[in-house]
Amino acid sequence: MSFPTTVAGKYGWEKVQTSTQKHKLGTEMVFMDGRKFRYVENGGSGISEGLLVASPAPAGNHDEDLVITTSPSAGATTISITLGATEAAANLYAEGYLFFNVPILATSANPHEMYAIKSHAYIASGGTGVFTIDEEDGFTTAVTAGTETAGLIVNPYKDVVVAPAAVAGRFVGVTCRSMTADYFGWVQVAGLATVAVDGTPAVGTVVGASSNHAGQFLVVGADTTPAVARMHGKAGVDNEYHTAFLMNLY
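In this text the structure is predicted, and so the values were computed from the model without any measurement. (Residues numbered from 1 in each chain as written. Predicted model: local features only at pLDDT ≥ 70, side-chain atom pairs only at ≥ 80, totals over all residues. Heavy atoms only, no water.)

A.B. asks: I keep staring at the layout of surface pockets and nothing clicks. Help me out?
C.D. replies: Over the atoms rolls a probe the size of a water molecule, and in doing so it shows where empty space is left. Estimates place the volume of the largest pocket at around 280 Å³. Contributing to the lining of the largest pocket are 19 residues, with P56, A57, P58, A59 and V154 lying nearest its centre. (1 Å grid on protein atoms, 1.4 Å probe; cavity = no way out; pocket = protein on both sides within 12 Å on 5 of 7 lines; lining within 4 Å. Points joined across faces, edges and corners; volume = space filled by probe spheres on them.)

Now the structure itself:
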């Protein structure tokens, strides 16, 4: 696989999807007109074009307070961690992150850094697995088994889903085309985009995730919905596609 950090894209590349991974998840693609995109893996369901998508909710038995069963020294690149009562598929957390969530004031020696994960094997529910971090210099601080605790976070651009009314992850972009389940492709994060509209927002109105129709864009009201775009060109028409400038997705 080729892994540039930023791709200078050509018009139309944002509509390409593949069954195999071609870039690092989260890779940026930029167009000359200012539009920007991020490379994602779709989740297990197809997604239509013009919809707001989000990262999946973290696994509640993986997200913090996990027991560390080895004591890697500074410079080591592997660590053993025991999961809660939820299994982890092989490399579920590849390109994701490991962090330590011991209390900030526990001791000055406790690690609090975040590390990119390179790989791990399948781990059964409640099982212990070895995680290899994707950092050539290894851990900055020695880790003490039985003292520090850890959390695991899936890459936010992996297994994206249509943004539900109650978002448990975070918004990551807008689909540029219909995406096939488990395929790789691009979502737009900045610039002029075509989005599915809920209601009739006026030109210039800020819009966010709809609480009525998953993935659509609804007028932001009473500061209860994060603004992710501003209507452009003309007023929106309910259940139609219109243009909006994306923001707060980058």
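A.B. asks: Before we go on, may I ask you to explain unusual backbone geometry in this structure?
C.D. replies: One can expect most non-glycine residues to show negative phi and most peptide bonds to be in trans. With a phi close to 65°, D182 is a non-glycine residue in the positive phi region. Inspection of the secondary structure assignment puts D182 in the loop between β12 (171-175) and β13 (184-196). By relative accessible area, which is 43% here, D182 ends up partly exposed. The phi dihedral of N248 falls on the positive side, at around 60°, and the residue is not glycine. (Helix = DSSP H or I, 4+ residues; strand = E, 2+ residues; numbered from the N terminus. Buried < 20%, exposed > 50% of the residue type's maximum accessible area, 1.4 Å probe, protein only.)

A.B. asks: When you look at the pairing of strand β14 (residues 206-209) in this model, what are you seeing that I'm missing?
C.D. replies: A regular strand places its side chains so that they alternate between the two faces of the sheet. Across three bridges, the pairing between β14 and strand β16 (residues 227-231) is antiparallel. Residue pairing for β16: V207 is matched across the bridge by A229. Inspection of the sheet shows β14 paired to strand β15 (residues 217-219) by three bridges, in the antiparallel sense. Across the sheet, the residue bridging to A209 is F217, located in β15. (Pairing = 2+ DSSP bridges.)

A.B. asks: Looking at this structure, I do not really get the pattern of salt bridges. What am I missing?
C.D. replies: Any two side chains of opposite charge can pair if their charged atoms end up close together. Under the criterion given, the structure shown has four salt bridges. Residues E14 and K15 are paired through a salt bridge, measuring 2.5 Å at the closest nitrogen-oxygen approach. Here K15 falls in the partly exposed class, since its relative accessible area comes to 42%. Residues R35 and D33 are paired through a salt bridge, measuring 2.8 Å at the closest nitrogen-oxygen approach. D33 gets classed as partly exposed once you look at its relative accessible area, which sits at 41%. (Salt bridge = Lys/Arg side-chain N within 4 Å of Asp/Glu carboxyl O.)

A.B. asks: I tried to follow the sheet that holds strand β5 (residues 66-68) on my own but got confused; where do I start?
C.D. replies: Strand pairing within a sheet occurs via backbone hydrogen bonds; the two strands may be parallel or antiparallel. Taken together, the six strands give a closed barrel; going around it, the order is β5-β6-β9-β8-β7-β10, and neighbouring strands pair in antiparallel fashion. Strand-to-strand twist of the sheet, defined as the mean angle between neighbouring strand axes without regard to direction, takes the value 45°. The pairing of strand β6 (residues 78-82) with strand β9 (residues 128-133) spans five bridges and is antiparallel. Across the sheet, residue I81 finds its bridge partner in β9, namely G129. (Axes fitted to C-alpha atoms, helices over the stretch in contact; angles between N-to-C directions.)

A.B. asks: Help me understand the environment of A196, please; the structure alone is not making it clear to me.
C.D. replies: Residue placement: A196 occurs in strand β13. Note on A196: relative accessible area 4%, which makes it buried. C-alpha of A196 to C-alpha of V237: the two residues are 41 residues apart in sequence and 9.3 Å apart in space. Those residues within four positions of A196 in sequence are excluded, and the remaining contacts are G50, L51, Q216, F217, E240 and Y241. (Contact = heavy atoms within 4.5 Å.)

A.B. asks: What's the story with the side chain of T205 in this structure? I'm lost.
C.D. replies: Take T205: it is sitting in the loop between β13 and β14. Here A202 takes part through its backbone oxygen, which lies 2.9 Å from a polar atom of the side chain of T205. In this view, T205 contacts V219, A229, R230 and M231; residues no more than four positions away in its chain are not counted. (Polar contact = N/O pair within 3.5 Å; in protein donor to acceptor, adjacent residues only side chain to side chain.)

A.B. asks: Can you walk me through the side chain of R35 in this structure?
C.D. replies: With respect to the helices, strands and loops of the structure, R35 is situated in the loop between β2 (28-30) and β3 (36-41). In terms of polar contacts, R35 uses its side chain to reach the side chain of D33, at 2.8 Å.

A.B. asks: Looking at this structure, I do not really get the environment of T175. What am I missing?
C.D. replies: For T175, the location among the structural elements is in strand β12. Of the residues examined, T175 reaches a relative accessible area of 3% and is grouped as buried. Along the backbone, T175 and V219 are 44 residues apart, and their C-alpha atoms lie at a distance of 19 Å. Non-local contacts of T175, meaning those with residues more than four positions away in its chain, are made with I47, S48, E49, G50, L51, V53 and V187.

A.B. asks: Whenever I open this one, the pairing of strand β8 (residues 114-120) confuses me. Can you help?
C.D. replies: In the sheet, strand β7 (residues 97-100) pairs with β8 via three bridges, with the strands oriented antiparallel. Bridge pairing in β8 places L98 opposite Y115.

Keep in mind these values describe shape, not function.
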